[in-house]
Amino acid sequence: MTFKNYQQLVAQLNCWSHAYHVLDAPLVLDSEYDAAFRELQTLEKQHPTWIVSESPTQRVGDIVSSVFRKIPHEIKMLSLENAFSLEETNAFFLRAAKNLVDLEDFEKLENLLAETAIKKAQELKSEFKEFATSELFEKLPIFSEPKLDGFAISLRYENGILIYGATRGDGEIGEDVTHTIKTIQSIPLKLQTDIPPEVLEVRGEVFMTKSVFEQLNQSANVRSFVNPRNAAAGTIRQLNPKAAMERPLQFIPYGMGAYSGEREFTRHSEILSYFGEIGFKSNPNNHAFWATKTAFEQDYQRMEKLRDFLPMEIDGIVYKIDDLNLQEKLGFISRSPKWAVARKFPAQVMTTTLLDVDFQVGRTGVLTPVARLEPVFVGGVTVSNATLHNMDEIERLNLCIGDKIEIHRAGDVIPKVTKVVAEGETRQNIVMPSHCPVCSSSVQRIENQTAYRCSGGLICAAQIAERIKYYASRNCMNIRQLGTKLIEVLCEQGILNNVVDIYRLQIDDISKLEGQGEKNATKILAAIEGSKHTKFSTFLTALGIPEVGESGAKNLARYFESLEKLRTADIETLVQVPDVGSITANNVRTFFDDTANNQLVDDLLAAGVTWDENKIVENLQPLAEQTWVLTGTLSSPRNEIKEKLEGLGAKVSSSVSAKTTVVLAGEAAGSKRKQAEDLGVKILDETQFLELIESLSK
Ligand code: IVH
């Protein structure tokens with residue numbers, strides 16, 4: 001083993017780690033990574049002088065003293081002005097446009113405004129500024145980024161090596177938190193570039209994902225944090241990096257501090273793409289558009305819809321003028337730039353009173369306590385219900401009916417009760433009913449779990465209704481016209497008793513119901529008919545086998561290709577399917593071992609549910625087994641292109657090797673294009689790429 005081999009091992013591990021933590025596209029199994037990591041540890045023990053700073057073993061260092069070193073920021077870390085409405089957002093950028101006009105930078109204006117507009121503006125003279133301002137406003141290139149609700153950090157790299165990570169502090173002087181920053185796997189210890197800039201400060205947000213936060217708060221040995229932001233801040237300020245390593249954080253860059261390097265930038269978005277190239281995570285939800293009031297509104301609505309589905313908490317949107325030249329002209333006032341604003345979401349936390357607790361019966365019979373609240377306006381909507389998860393949660397919160405409570409509307413669409421603010425005058429205990437509120441069957445605790453379940457099975461109307469709602473839902477059979485309310489009514493009336501009954505519905509069954517005319521009924525039946533032709537994987541999802549969601553169903557469909565093969569597959573074969581473990585395999589087997597389930601599946605097929613079996617595999621992955629590398633400036637966000645390629649079965653890697661199938665080279669592609677040429681790897685430009693994609697999707 002030579003030093004060179006050692007360096008190669010470090011590079012290999014860093015490459016795998018980047019694929020896993022930054023690109024979300026693992027290249028090897030965890031076990032393979034772990035084995036190589038152990039090999040590295042052994043080598044470093046034998047040759048301590050070999051250790052390089054970018055070695056993954058260097059992520060966890062020693063405990064630091066209780067005083068963090070002060071670090072002055074070469075370039076101030078700014079914060080942002082807030083806008084709480086569309087009007088305020090619009091006004092902010094109108095002001096920016098007016099400022100630019102006031103600067104009377106005609107040269108720049110001429111670049112941005114059409115010649116005729118300038119002429120017209122000059123003719124109008126007195127109204128020139130007003131006219132030019134409104135014209136210029138719509139020429140402002142806006143870059144929109146989710147406002148990540150975490151902790152601001154500045155990372156300093158010198159010649160490609162991470163020197164320190166510092167907090168924002170008061171904007172001018174921060175604190176050295178390098179020891180915990182290094183444990184964040186999506187922060188490269190060494191930049192992935194052959195020509196590293198002499199100095200580069202990467203600024204961005206460190207955050208904890210919602211799922212890590214929930215797990216952390218459930219683990220007994222950690223004190224509860226109020227929200228992911230506090231948890232991230234607490235973790236960063238840990239003295240012991242080992243503790244930080246156990247609470248995985250992530251980092252997404254949003255700007256640049258000090259910089260001296262060869263690459264030149266004219267747009268903020270180019271800087272972010274560059275960060276992606278050199279090893280950082282990019283945010284797939286960034287978005288570019290021209291400033292108009294409608295565009296701001298549409299973008300806000302886009303993010304508001306996305307918000308609940310994002311893995312991390314966001315508390316608004318940051319709008320920035322993308323043109324760096326304009327940014328420089330506008331400058332900043334005191335602590336915030338005149339070229340960027342944060343459009344904040346409405347408040348998320350409120351206090352209210354717990355009026356009562358109901359128990360809802362779900363698709364699998366599990367009873368979930370639901371808080372009935374004194375209605376309160378939070379996160380932009382009036383809330384009168386909140387989930388309480390399970391009885392343990394109620395105990396943990398020490399919650400009683402009548403208490404004044406805090407509710408939080410954040411990651412989930414359904415708000416959560418977070419704590420008791422003040423005990424009620426009359427406190428009534430919350431107890432799990434002994435009998436199902438819907439069918440009166442007995443309620444039993446599920447073994448080894450915190451959940452309770454109604455024992456009524458298919459005689460329980462609630463379970464039947466939930467089961468049918470799930471079957472008809474968007475990600476399943478997608479019978480849009482058959483809404484949840486209608487399903488409930490049809491179940492209550494005994495018209496729908498199982499999913500097959502959907503296909504037995506007659507016009508009368510529906511038209512006789514209140515508020516449903518014949519016309520509507522016809523529409524609904526047509527929608528049912530139209531939904532019969534589906535995909536194998538969709539049908540599998542709709543069957544509602546425990547643990548088999550959309551992606552599990554896709555994997556099963558891809559592997560088995562036909563229902564008959566899946567029905568008869570044994571456990572050994574089932575666990576061969578990617579991402580299918582023994583629990584899921586058992587559930588699938590149990591499902592198809594049940595005569596009633598088999599009968600149900602047969603009845604559904606007899607009712608006319610069909611799919612094209614061959615299509616599943618053929619069309620799905622035309623680029624399977626190919627490895628692509630993206631380089632240069634591309635006209636759509638990289639993540640979008642990456643997703644598209646992955647959807648077609650290709651792997652997307654960040655480095656070119658003999659194994660690379662295609663290099664997609666955008667404008668100003670540099671070293672990677674050269675490597676591809678040297679290795680004789682196929683190179684496509686963006687036009688050729690788009691043609692290929694189009695031909696594949698025909
Ligand atoms: S830009 C000069 N972009 O929000 C502009 N900030 O309220 C500096 N934040 O301190 C900030 N996501 O910690 C920017 N996409 C984003 C952001 C973002 C979150 C935080 C950041 C900043 C605070 C200002």
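Higher on the page you've got the structure.
Residues numbered from 1 in each chain as written. Predicted model: local features only at pLDDT ≥ 70, side-chain atom pairs only at ≥ 80, totals over all residues. Heavy atoms only, no water.

S.K.: How would you explain the overall build of the chain if you had to name every residue and give the values?
M.R.: Helices and strands together make up the secondary structure of the chain, namely 28 helices and 26 strands. For 698 residues, the compact-globule formula gives about 26 Å, and the C-alpha radius of gyration of the chain, at 29 Å, lands near that figure. In terms of overall dimensions, the chain has a C-alpha envelope of 75 × 75 × 60 Å along the principal axes. Here the chain, with 698 residues, has 48% of them falling under the buried criterion. By sequence separation, contacts in the chain at least 24 residues apart represent 67% of the contacts at least 6 residues apart. Accessible surface computed for the chain: about 35,300 Å², of which carbon and sulfur atoms make up 49%. Charge separation in the chain, taken as the distance between the mean sites of 77 positive and 95 negative side-chain charges, equals 2 Å. (Helix = DSSP H or I, 4+ residues; strand = E, 2+ residues; numbered from the N terminus. Rg over C-alpha atoms; globule rule 2.2 N^0.38 Å. Buried < 20%, exposed > 50% of the residue type's maximum accessible area, 1.4 Å probe, protein only. Contact = heavy atoms within 4.5 Å. Areas by Shrake-Rupley, 256 points an atom, 1.4 Å probe, with all protein chains shown as cover. Lys, Arg positive; Asp, Glu negative; His and termini not counted. Charge placed at Lys NZ, Arg CZ, Asp CG, Glu CD.)

S.K.: With reference to specific residues and values, describe the site of the ligand.
M.R.: If you check the shell around the ligand, you find 13 residues, and the closest are Glu145, Leu148, Glu205, Tyr254 and Lys320. Within the side chain of Glu205, an N or O atom sits 2.6 Å from an oxygen atom of the ligand. A distance of 3.0 Å is found between a nitrogen atom of the ligand and a side-chain nitrogen or oxygen belonging to Lys320. Contact with the protein chains removes 88% of the 530 Å² of surface that the ligand exposes when unbound. Of all elements in the fold, only β3 (141-148) and β10 (314-321) reach the threshold of two or more residues within the shell around the ligand. Top contributing element to the shell around the ligand by residue count: β3, with 4 residues. (Near = heavy atom within 4 Å. Polar contact = N/O pair within 3.5 Å; in protein donor to acceptor, adjacent residues only side chain to side chain.)

S.K.: I'd like to hear about the sheet that holds β3, residue by residue, with values.
M.R.: Reading across the sheet, the 5 strands line up as β2-β13-β10-β3-β9 and stay open at both edges, with mixed pairing between neighbours. The open sheet is flanked by β2 (81-83) and β9 (287-290), the only strands paired with a single partner. Taking the axes of each pair of neighbouring strands and ignoring which way they run, one obtains an average angle of 35° across the sheet. Where β3 meets β9, 4 bridges bridge the pair, whose relative direction is antiparallel. Along β9, the bridge assignment pairs Pro141 with Trp290. (Pairing = 2+ DSSP bridges. Axes fitted to C-alpha atoms, helices over the stretch in contact; angles between N-to-C directions.)

S.K.: With reference to specific residues and values, describe a negative patch on the surface.
M.R.: A cluster of acidic residues, Glu561, Glu564, Asp612 and Glu613, forms a negative patch at the surface. In this fold, Glu561 is placed in the loop between α20 (550-560) and α21 (563-568). (Patch = residues over 30% accessible without salt bridge, like charges linked within 9 Å, V, L, I, M, F, W, Y side chains within 5 Å. Salt bridge = Lys/Arg side-chain N within 4 Å of Asp/Glu carboxyl O.)

S.K.: Residues and numbers for the pairing of strand β5 (residues 161-167), please.
M.R.: Here β5 lies mainly inside the structure; 5 of its 7 residues are buried. Judged from the 6 bridges that link them, strand β4 (residues 151-158) and β5 form a sheet pairing that is antiparallel. Following the sheet pairing, Arg156 is matched in β5 by Tyr164. Between β4 and the antiparallel strand that follows it, β5, lie 2 residues; Asn159 among them carries a positive phi value of about 50°.

S.K.: Residue-level account of the nonpolar core, with values.
M.R.: Counting 51 residues, the largest nonpolar core has Tyr471 and Leu556 as its most contacted members. Among the elements of the structure, α15 (461-472), α16 (484-492), α18 (518-530), α19 (536-543), α20, α21, α23 (582-593) and α24 (595-606) are those that each provide at least two residues to this core. Among residues more than four places away in sequence, those in contact with Leu556 are Leu540, Val548, Glu561, Leu566, Leu574, Val577, Val580 and Val588. (Core = buried A, V, L, I, M, F, W, Y, C linked by side-chain atoms within 4.5 Å.)

S.K.: Outline the sheet that holds strand β23 (residues 627-631), supporting the account with residue identities and numerical values.
M.R.: The 4 strands lie next to each other as β24-β23-β25-β26, forming an open sheet whose pairing is parallel. Since the sheet does not close on itself, it has two edges, and those belong to β24 (651-653) and β26 (682-684), each with one partner. Averaged over neighbouring strand pairs, the angle between their axes works out to 30° when direction is ignored. As judged from the 4 bridges shared by β23 and strand β25 (residues 662-665), these two strands associate in the parallel manner. By the bridge assignment for β25, Leu630 is matched with Leu664. Sheet strands in contact with helix α27 (residues 671-679) are β23, β25 and β26, and its direction is about 140° off that of β23.

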